[in-house]
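Structural description and commentary
In case you want the letters, here they are:
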Amino acid sequence: MAMKIGSNEFNERVGQGIDDAFMRGAVSGAQDSMGVRRSNAAEELGNWEDWRSHGEEIRQHVLEHLDYYLEQLSKNVAELGGHVFFAETKEEANEYIRGIAQKKQAKKIVKAKSMVTEEIGLNAVLEEEGCKVIETDLGEYILQVDDHDPPSHIVVPALHKNKEQIRDVFKEKLGYKKTSKPEELALHAREMLREEYMTADIGITGCNFAVAESGSISLVTNEGNADLVTALPKTQITVMGMERIVPTFEEMEVLVSLLTRSAVGQKLTSYISVLTGPREAQDADGPEEFHLVIVDNGRSDILGGEFQSILQCIRCAACINVCPVYRHIGGHSYGSIYSGPIGAVLSPLLGGYDEYKELPYASTLCGACTEVCPVKIPLHDLLHKHREVIVEKEGKAPISEKLLMKSFGIGAASPMLYKFGTKFAPTALNPYTNGESISKGPGPMKAWTDIREFPAPNKERFRDWFKNRKKEENAHGRDDSESR
Amino acid sequence: MKVSLFVTCLGDLFQSDVGKATVEVLERLGCDIDFPESQVCCGQPAYNSGYVKESKEAMKRMMKAFDHSEYVVCPSGSCAYMFHEYQHIFKSDPVWEPKAKKLAEKTYELTEFIVDVLKVDDVGAKFEGNVTYHTSCHMTRLLGVKSAPMTLLSNVEGLKYTELPGKEQCCGFGGTFSVKMGPISEQMVDEKVQHVEETEAEYLIGADSGCLMNIGGRINRKGKPIKVLHIAEVLNSR
Ligand code: SF4
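Residues numbered from 1 in each chain as written. Chains lettered and ligands numbered in written order. Predicted model: local features only at pLDDT ≥ 70, side-chain atom pairs only at ≥ 80, totals over all residues. Heavy atoms only, no water.

**Regarding the overall build of chain A**
Secondary structure summary: chain A contains 24 helices and 13 strands in total. The 484 residues of chain A split such that 56% are buried. In chain A, the share of contacts with a sequence separation of at least 24, taken over all contacts with a separation of at least 6, comes to 73%. With an accessible surface of roughly 21000 Å², chain A has 51% of that area assigned to carbon and sulfur atoms. Computed over 57 positive and 73 negative side-chain charges, the inter-centroid distance for chain A is 6 Å. (Helix = DSSP H or I, 4+ residues; strand = E, 2+ residues; numbered from the N terminus. Buried < 20%, exposed > 50% of the residue type's maximum accessible area, 1.4 Å probe, protein only. Contact = heavy atoms within 4.5 Å. Areas by Shrake-Rupley, 256 points an atom, 1.4 Å probe, with all protein chains shown as cover. Lys, Arg positive; Asp, Glu negative; His and termini not counted. Charge placed at Lys NZ, Arg CZ, Asp CG, Glu CD.)

Printed below as a string of structure tokens:
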């Protein structure tokens with residue numbers, strides 16, 4: 001599985017999402033509770049807006065000086081005895097990691113949650129190589145057990161499943177016999193996983209933030225699984241998107257604070273694992289060999305362009321958790337592992353407009369995402385920018401729409417035409433009107449009236465009313481003065 | 001005070017009662033209203049769909065139409081917001097950016113104008129009934145007008161207000177979204193209608209014509225006994 005998920009068309013996926021009552025119950029419930037937790041956690045910090053601005057500054061600064069920090073990071077990792085590989089494409093990243101697996105004759109690989117490895121489709125490559133790949137994040141584990149069901153959320157990958165469904169998956173695939181209580185489910189997964197950590201040849205993780213100054217990588221989790229993935233196997237590979245970097249621990253602290261509050265409404269997550277190079281003589285545990293794979297995969301193309309701010313993203317999913325569109329269609333409808341507003345902006349950039357041209361339109365531009373984004377990415381503006389590019393640069397809009405908009409341009413821009421057009425609207429729409437509204441509209445109106453009534457045009461436009469009233473007033477004014 | 005009314009295309013054509021109520025309320029508060037005849041549509045439908053070139057012509061028209069106005073008042077948050085957006089759309093345009101800035105500075109949404117400019121919290125309206133209020137996204141999040149409508153409604157005699165559950169959630173209008181993404185829009189507006197029903201209000205009030213047309217259209221289609229009113233109409237009732 002790579003970034004793209006499923007092979008259905010957008011409309012079909014949306015239809016399936018809308019019809020999936022279980023998923024929608026799970027998603028809206030999660031949105032409601034996470035929404036409250038997030039805003040409480042933000043409020044508790046006191047000056048949330050200042051924190052956001054600070055977060056934005058840090059991320060913008062890093063993007064402006066990305067070359068510098070990448071070099072510093074690479075140098076420091078190498079000095080610590082780690083290996084750094086810069087992969088321009090997903091293929092390069094996968095080949096490099098496949099090479100390590102071959103050299104180590106790896107049979108078993110444990111993984112902590114990582115979106116970028118999903119993006120490049122790493123698991124499939126390693127499985128092809130004959131490795132058993134085990135996801136250790138509970139959500140990812142559930143999906144893996146369920147025949148590789150794709151993630152529907154960047155923080156809570158199995159958000160689309162409720163606990164009863166998870167119980168059923170465990171029952172069927174793992175012979176689980178207990179209840180659907182989350183604690184019991186988690187315990188079972190943990191028991192299944194414990195053995196795997198001990199015998200894994202390689203541990204693979206993503207990276208929340210790499211610290212350039214020290215050559216460290218950090219992982220923010222609630223389960224502590226990343227600690228085990230980085231501590232036990234002899235070889236460790238960390239895969240990171242090239243923008244996931246901070247200058248020093250000081251900036252990391254700010255961003256982690258924004259991340260945990262925005263993602264799960266917590267002051268801090270239970271675990272923040274920091275790994276600085278491979279194990280040294282005095283260390284009790286840690287990998288003997290450490291590889292850092294820095295993935296570009298289209299990010300350089302975004303850098304310096306009008307979509308650069310999307311690279312500020314710290315993958316907190318706050319935008320997803322407030323998105324009213326995501327609420328009703330779920331993550332899989334986006335056809336990408338990156339869903340919701342962040343996905344609708346990022347997926348067309350990384351995967352192309354041919355694949356993802358509908359996503360920028362799957363938004364009312366309500367701005368809920370922009371309002372919560374902890375690093376102030378103007379998400380709804382970027383969605384709009386995509387539309388502009390699709391229409392004006394790519395020329396990918398449907399012809400009927402183009403014609404409609406052209407005539408809009410002409411009609412709306414000319415007061416004469418506008419006045420003329422609106423004056424005759426009641427007559428033109430008369431055949432469709434019953435009483436005060438239109439139930440079955442013609443042409444482009446049909447899509448509206450399939451769902452709701454359309455108001456019948458007023459017999460007298462506002463502008464005519466206003467003009468007549470002024471006339472009357474003037475006439476009265478004269479009458480009054482004459483009678484005096 | 002001289003006030004130019006930007007009535008919006010929906011207001012001109014489909015909801016002339018909203019325009020009329022706006023005129024009457026403002027006149028009662030001592031404003032002298034004019035209606036620049038050459039106003040057209042603010043360009044938002046085309047702009048939001050990505051047709052920036054096409055929409056810019058309409059925007060230029062509007063800047064010309066309101067060039068001489070002292071204040072521009074609009075009974076629709078989203079359209080008032082659009083006037084504020086022009087300055088960003090024409091950024092670095094030597095001729096139009098300054099005009100766009102000028103327009104933004106003098107443009108107000110109706111309730112914002114009454115509370116912040118006229119400094120009136122109570123317009124002396126009377127309205128008997130149980131109501132709830134939909135806070136439109138563009139008006140609250142983008143234009144930043146949150147408290148003015150509530151201030152005015154809280155001073156309407158006889159009005160009983162119940163807060164709408166999930167009040168900040170979008171109603172699913174989104175201009176062309178409502179037709180381009182019909183099935184999603186339907187789910188969104190259905191949840192909104194359900195929330196309105198939960199309040200047991202007889203009236204749903206809003207300050208944005210687009211949202212009201214969407215929610216109202218769905219309410220009517222479903223045959224629900226809830227009436228939809230623009231806030232101007234409530235403020236104009238005595
Ligand atoms: S775009 Fe902003 S809100 Fe969305 S995931 Fe990224 S950082 Fe979080």
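**Observations regarding a nonpolar patch on the surface**
Residues and elements named next belong to chain A. Together, F249, L268, I272 and V274 line one region of the surface with nonpolar side chains, adding up to about 310 Å² of accessible area. Along the polypeptide, I272 turns up in strand β9 (residues 271–276). Overall, the relative accessible area of 33% leaves I272 in the partly exposed class. (Patch = residues over 30% accessible without salt bridge, like charges linked within 9 Å, V, L, I, M, F, W, Y side chains within 5 Å. Salt bridge = Lys/Arg side-chain N within 4 Å of Asp/Glu carboxyl O.)

**What to know about the interface of chain B and chain A**
Counting residues at the interface gives 67 residues for chain B and 64 residues for chain A. Buried area between chain B and chain A, summed over both chains or domains, comes out near 5700 Å², and the portion from carbon and sulfur atoms is 61%. For the salt bridge of R221(B) with E453(A), the shortest nitrogen-to-oxygen distance reads 2.8 Å. No other element matches the eight residues that helix α11 (residues 182–198) of chain B contributes to the side of chain B that touches chain A. Of the residues that constitute the side of chain B that touches chain A, the class distribution is 28 nonpolar, 22 polar and 17 charged. (Buried area = accessible area lost by both parts, 1.4 Å probe. Nonpolar A, V, L, I, M, F, W, Y, C, P; charged D, E, K, R; others polar.)

**Concerning helix α6 (residues 96–106) of chain B**
Burial in α6(B) covers these residues: W96(B), E97(B), A100(B), L103(B), A104(B) and K106(B). Looking at the buried residues of α6(B), the elements they touch are α4 (52–65), β3 (71–74), α5 (77–89) and β4 (107–109) of chain B.

**Topic: the pairing of strand β7 (residues 235–241) of chain A**
Residues and elements named next belong to chain A. β7 sits mainly inside the fold: seven of its seven residues count as buried. By the alternation rule, side chains of β7 split into T235, I237, V239 and G241 and Q236, T238 and M240, which are all buried. As paired elements, strand β4 (residues 202–205) and β7 share four bridges and run parallel to each other. In the strand pairing of β7, T205 is matched with T238. (Pairing = 2+ DSSP bridges.)

**Some remarks on the nonpolar core**
The biggest cluster of nonpolar side chains holds 81 residues, and the ones touching the most others in it are I310(A) and V325(A). No other element matches the eight residues that helix α12 (residues 249–264) of chain A contributes to this core. Residues in contact with I310(A), not counting those within four places in the same chain, are I302(A), I342(A), V345(A), L346(A), L349(A), I377(A), L379(A) and L382(A). A100(B), Y133(B), V156(B) and L229(B) belong to the second largest nonpolar core, which has 67 residues in total. (Core = buried A, V, L, I, M, F, W, Y, C linked by side-chain atoms within 4.5 Å.)

**With respect to the pattern of salt bridges**
Tallied over the full model, the rule gives 40 salt bridges over all chains. A salt bridge links K108(A) to E196(A), with the shortest nitrogen-to-oxygen separation between them at 2.8 Å. Of the two residues, K108(A) is situated in strand β2 (residues 108–111) and E196(A) in helix α10 (residues 182–199); the sequence distance between them amounts to 88 residues. You'll find K108(A) and E196(A) in the same group, each marked buried. The salt bridge involving R218(B) is made with D190(B); its shortest N-O contact spans 2.7 Å. Taken together, the residues R218(B) in helix α12 (residues 209–221) and D190(B) in helix α11 connect sequence positions 28 residues apart. Here the residues in one salt-bridge network are E95(A), R98(A), E128(A) and E129(A), joined through shared partners.

**Things to note about the sheet that holds strand β5 (residues 209–211) of chain A**
In a beta sheet, neighbouring strands are held together by backbone hydrogen bonds and run either parallel or antiparallel to one another. All names here are of chain A. Strand order in the open sheet made by the four strands is β8-β5-β6-β9, with mixed pairing throughout. Each of the sheet's edge strands pairs with one partner strand only, and the pair in question is β8 (245–246) and β9. With two bridges connecting them, β5 and β8 associate as parallel partners. Residue A210 lies in a different strand from β8, and its bridge partner there is I245.

**Here we look at the side chain of N76(A)**
Residues and elements named next belong to chain A. Within the secondary structure layout, N76 lies in helix α4 (residues 66–79). Take N76: its relative accessible area is 12%, and that puts it in the buried class. Those residues in contact with N76, other than ones at most four positions away along the chain, are A212, E213, S214 and G215.

**Comments concerning the domain arrangement of chain B**
Residues and elements named next belong to chain B. Split into domains, chain B comes out as domain 1 (2–116) and domain 2 (121–235). On a C-alpha basis, the centroid separation for the pair domain 1 and domain 2 is 21 Å. Across the contact, 27 residues belong to domain 1 and 22 residues belong to domain 2. Taken together, both faces of the contact between domain 1 and domain 2 bury some 2000 Å²; the carbon and sulfur share is 68%. Among the residues of domain 1 in contact with domain 2, Y81, T111 and V115 are the three that bury the most area, contributing 24% of the side total. At the junction of domain 1 with domain 2, the criterion picks out zero salt bridges. Counting the contacts that link domain 1 with domain 2 gives nine residue pairs in polar contact (both at pLDDT 80 or more). (Domains from an automatic or database assignment. Polar contact = N/O pair within 3.5 Å; in protein donor to acceptor, adjacent residues only side chain to side chain.)

**Topic: the side chain of H160(A)**
All names here are of chain A. Structurally, H160 can be placed in the loop between α8 (138–145) and α9 (163–174). Judged by relative accessible area, which is 9%, H160 ranks as buried. In this structure the side chain of H160 is engaged in a polar contact, spanning 2.8 Å, whose partner is the side chain of S152. If sequence neighbours within four positions are ignored, H160 has contacts with M23, A26, L143, D149, P150, S152, Q165 and H332.

**Regarding the packing of aromatic side chains**
In this structure the tally under the stated criterion is 22 aromatic pairs over all chains. Aromatic side chains W448(A) and F454(A) sit 5.9 Å apart centroid to centroid with 90° between the ring planes, which places their arrangement in the edge-to-face category. The exposure class of W448(A) is buried, given its relative accessible area of 4%. Taken together, W448(A), F454(A), F14(B) and F173(B) form an aromatic cluster joined through their ring pairs. One residue, K180(B), lies across the ring of Y361(A), its end atom 4.1 Å from the ring centre. (Phe/Tyr/Trp six-rings, centres within 6.5 Å; stacked < 30°, edge-to-face > 60°. Lys NZ or Arg CZ within 6 Å of the ring centre and 35° of its normal.)

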